[in-house]
Amino acid sequence: MAHLTPKENLLRVMSGEIPEWVPSYSYYGPHPGVDEDPPNMSVMNSTLFGNRRMGATPPPDGFKDIWGVTCVAVEAVGGFSLPKPGEFILDDIRKWRDIIKAPDFSGVDWEKAAKEDLEKLPYSRDNVALFYGPGGGYFQQLMSFMGFNEGLVAMYEEPEEVKALFDYLHEFYLDIAKKYIEYVNPDVLSLGDDTASERAPFVSPEMFRELLLPYYDDFARLGRNRGIPINFHNCGKSGVYFNDLVRIGITSWEPVQLSNDILEIQKKFGRHLVIGGGWEGRGHLLDPDVTDEEIRASVREAIDKYAPNGGFMFAGAFTPGSTNDEVTKHKNEVLQKEVYDYGHNFYK
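The residue numbers shown here count from 1 along each chain, following its written sequence. Only residues with pLDDT of 70 or above have their local features reported here, since the model is predicted, and side-chain atom pairs are shown and tallied only from 80 upward, although totals for entire chains, interfaces and linings are computed over all residues. To obtain the side-chain values, all non-hydrogen atoms of the structure were included, while hydrogens and water were left out.

Draft legend 1. Broad picture of the overall build of the chain. A count of helical and extended segments in the chain gives 12 helices and 11 strands. Radius of gyration: C-alpha atoms only; globule rule: 2.2 Å multiplied by the number of residues to the exponent 0.38. Taken against the 2.2 N^0.38 rule, which gives 20 Å for 348 residues, the C-alpha radius of gyration of the chain at 20 Å falls within 12% of a compact globule. By principal-axis analysis of the C-alpha atoms, the chain measures approximately 60 × 45 × 40 Å. Burial status follows relative accessibility: with a 1.4 Å probe on protein chains alone, a residue under 20% of its type maximum counts as buried, one over 50% as exposed, and anything between as partly exposed. Counting over 348 residues, the chain shows a buried share of 49%. Elements are defined by DSSP. Helices are runs of H or I of four residues or more, strands are runs of E of two residues or more, and each kind is numbered from the N terminus.

Draft legend 2. Examining the sheet that holds strand β3 (residues 63-64) more closely. Any two strands are treated as partners once DSSP identifies two or more bridges connecting them. On the basis of which strands lie adjacent, the open sheet formed by three strands has the order β3-β4-β5 and antiparallel pairing. Edge positions in the sheet fall to β3 and β5 (80-83), since each of these pairs with one other strand and no more. Where strand β4 (residues 70-74) lies against β5, four bridges are found, and the strand directions are antiparallel. Among the inter-strand pairings, C71 is bridged to a residue of β5, identified as P83.

Draft legend 3. Representation of the packing of aromatic side chains. Aromatic rings from Phe, Tyr and Trp, taking only the six-membered ring of Trp, are treated as a pair when their centres fall within 6.5 Å; an angle between ring planes under 30 degrees marks them as stacked, one over 60 as edge-to-face, and anything in between as tilted. Applying the stated rule across the entire model yields 26 aromatic pairs. Relative to F202, the ring of F139 has its centre 5.6 Å away and its plane inclined at 15°; by these criteria the two rings are stacked. In this pair, F139 sits in helix α4 (residues 138-146) while F202 sits in the loop between β7 (188-192) and α7 (205-211), placing the two residues 63 residues apart along the sequence. Where F232 meets F242, the ring centres are 6.3 Å apart and the plane angle is 85°; that geometry is what we call edge-to-face. Of this pair, F232 sits in strand β8 (residues 230-233) while F242 sits in helix α9 (residues 242-247), and the two are 10 residues apart along the sequence. Per residue, the accessibility class of F232 equals that of F242, and both read buried. Joined through ring pairs, the aromatic side chains of W67, F105, W110, Y132, F145, F172, Y173 and Y180 make up one cluster.

Draft legend 4. Expanded view of a negative patch on the surface. Each patch is built from salt-bridge-free residues with over 30% relative accessible area, joining like charges within 9 Å and nonpolar side chains (Val, Leu, Ile, Met, Phe, Trp, Tyr) within 5 Å. Each accessible area is a Shrake-Rupley result for a 1.4 Å probe, and residues are judged covered by the shown protein chains and nothing else. Just to be clear on terms, a salt bridge is a Lys or Arg side-chain nitrogen sitting within 4 Å of an Asp or Glu carboxyl oxygen. In summary, the charge assignment counts Lys and Arg as positive and Asp and Glu as negative, without counting His or the chain termini. Taken as the charge centre is NZ of Lys, CZ of Arg, CG of Asp or CD of Glu, depending on the residue. A contiguous patch of negative charge on the surface is contributed by D109, E111, E116 and E119. Within the secondary structure, D109 sits in the loop between α2 (96-99) and α3 (110-119).

Draft legend 5. Representation of the pattern of salt bridges within the structure. Applying the stated criterion across every chain yields a total of 19 salt bridges. For R226, the salt bridge is made with E182, and the minimal N-O distance between the two is 2.4 Å. On the criterion of sequence distance, the pair formed by R226 in the loop between α8 (213-224) and β8 and E182 in helix α6 (residues 159-184) is long-range, its members being 44 residues apart. Judged by its relative accessible area of 35%, R226 is partly exposed. Each of the salt bridges in this network shares a partner with another, and the network as a whole consists of E293, R296, R300 and E338.

Draft legend 6. Broad picture of the side chain of D193. Following the sequence through the fold, D193 ends up in the loop between β7 and α7. For D193, a relative accessible area of 0% corresponds to the buried category. Should any heavy atoms of two residues lie within 4.5 Å, those residues are counted as being in contact. The contacts of D193, once residues within four sequence positions are left out, are G137, Y138, F139, Q140, L212, Y216, F232, H233 and N234.

Draft legend 7. A look at the environment of M146. Examined against the element boundaries, M146 turns out to sit in helix α4. A relative accessible area of 5% means that M146 is categorised as buried. C-alpha separation for the pair M146 and E20, spaced 126 residues apart in sequence, amounts to 46 Å. In contact with M146, not counting residues within four places along its chain, are F88, L90, D91, D92, I93, G151 and A154.

Draft legend 8. Main features of the sheet that holds strand β9 (residues 252-256). Read across the open sheet, the eight strands follow the order β1-β11-β10-β9-β8-β7-β6-β2; overall the sheet is parallel. Looking at which strands have only one partner, the edges of the open sheet turn out to be β1 (24-25) and β2 (41-44). Where strand β6 (residues 129-132) meets β7, two bridges bridge the pair, whose relative direction is parallel. For F131, the partnering residue across the bridge sits in β7 and is V188. Where α8 meets the sheet, it contacts β7 and β8, and its direction lies at approximately 170° from that of β7. What counts as an axis is a line fitted to C-alpha atoms, over the stretch in contact for a helix, and the angles between N-to-C directions run from 0 to 180 degrees.

Draft legend 9. Here's a closer look at the packing of α4 against α6. Between α4 and α6, the shortest axis-to-axis distance is 11 Å and the interhelical angle comes to 115°. The pairing of α4 with α6 is recorded here as roughly perpendicular in orientation. The two elements α4 and α6 meet at a crossing, and its hand is right-handed. Residues Y138, F139, Q141, L142 and F145 of α4 pack against V162, L165, F166, L169, H170 and Y173 of α6. Under the scheme applied, nonpolar residues are Ala, Val, Leu, Ile, Met, Phe, Trp, Tyr, Cys and Pro; charged residues are Asp, Glu, Lys and Arg; polar residues are all the others, including Gly. Among the residues making up the contact of α4 with α6, the classes are represented as nine nonpolar, two polar and no charged. Orientation is classified from the angle alone, with under 35 degrees giving roughly parallel, over 145 giving roughly antiparallel, 65 to 115 giving roughly perpendicular, and any other angle giving oblique. Left-handed describes a crossing in which the near helix is turned anticlockwise from the far one by less than a right angle; the clockwise case is right-handed.

Draft legend 10. Region of interest: a nonpolar patch on the surface. Residues V77, F80 and L82 make up a contiguous nonpolar surface patch of about 220 Å² in total accessible area. By the element assignment, L82 lies in strand β5.

Draft legend 11. Layout of α4. When you tally the buried positions in α4, you get eight out of nine residues, the bulk of the element. Burial in α4 covers these residues: Y138, F139, Q141, L142, M143, S144, F145 and M146. Taken together, the buried residues of α4 touch β5, α5 (148-157), α6 and α8. Of the residues trailing α4, G147 is marked for its positive phi of about 85°.

In structure tokens form, the structure reads like this:
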């Protein structure tokens, strides 16, 4: 019988050891349908950033983030909030200084703010690992300001202006993170930026190293200096970036989607890079006639393929088609229960 807490088991994986059971990176909070299994981790962001997560109910016309970007909840993806199409705030990267203004947080009591955010956590920190995401996401931030067309053109045609904007954003986010992290004392530092689609990266490795990696490295230093593991969120076919990301101290990556050569990545990095993924709700799993047993079999297949040598946490879920999608809720209950049942016996 397992004797580690979910937190201890997850941190064992992060340290490069074989865990007692296969942990999971939970996108939707507690594991639905598995009352005896608290999540392995809980992601925390400062509420000062006004984060809106899945299922939030924004005003009908959306809400503005701290930079003035209008965001709307998209029903078709379960209520996730995205920049409102056609209402980008920056059309010329050379004019960013006139448009992009950081909010004034100079009067914030950081100890009090951290304490209030910690009190909102739904789980005991003795049992659940706290992932702290300090902000950043420079590529995504630029795209939210300009849209993909203009944002990618700016990175190609005006790299110095893009760097200047990223310097400004980085100074703001890093200053807050340095103050906040002292009071939060997270178990894992969680960084991320979605720099790839399912089929290919959005930018070349060379552009990635020039325009983005230095900022990730500076954030990663917060974890390296404290000896805590560093997680990196990057959707899509982003494996090409991980030689550089592992070099700056990234110890886990999620969600590792199936468009990546996961076995080859595991062969290259071993347990130095924890793979959080290996499963996707696609193909027949999305068909109306998919059975519960087929969902369970897909879980077993992923764990059998990617978990044997450790360095793996299951990360995946069906994305709801709406905020009231009972069919997908049931599928996730079946999925997560199998992750628990099969994963908890895998290393025995």
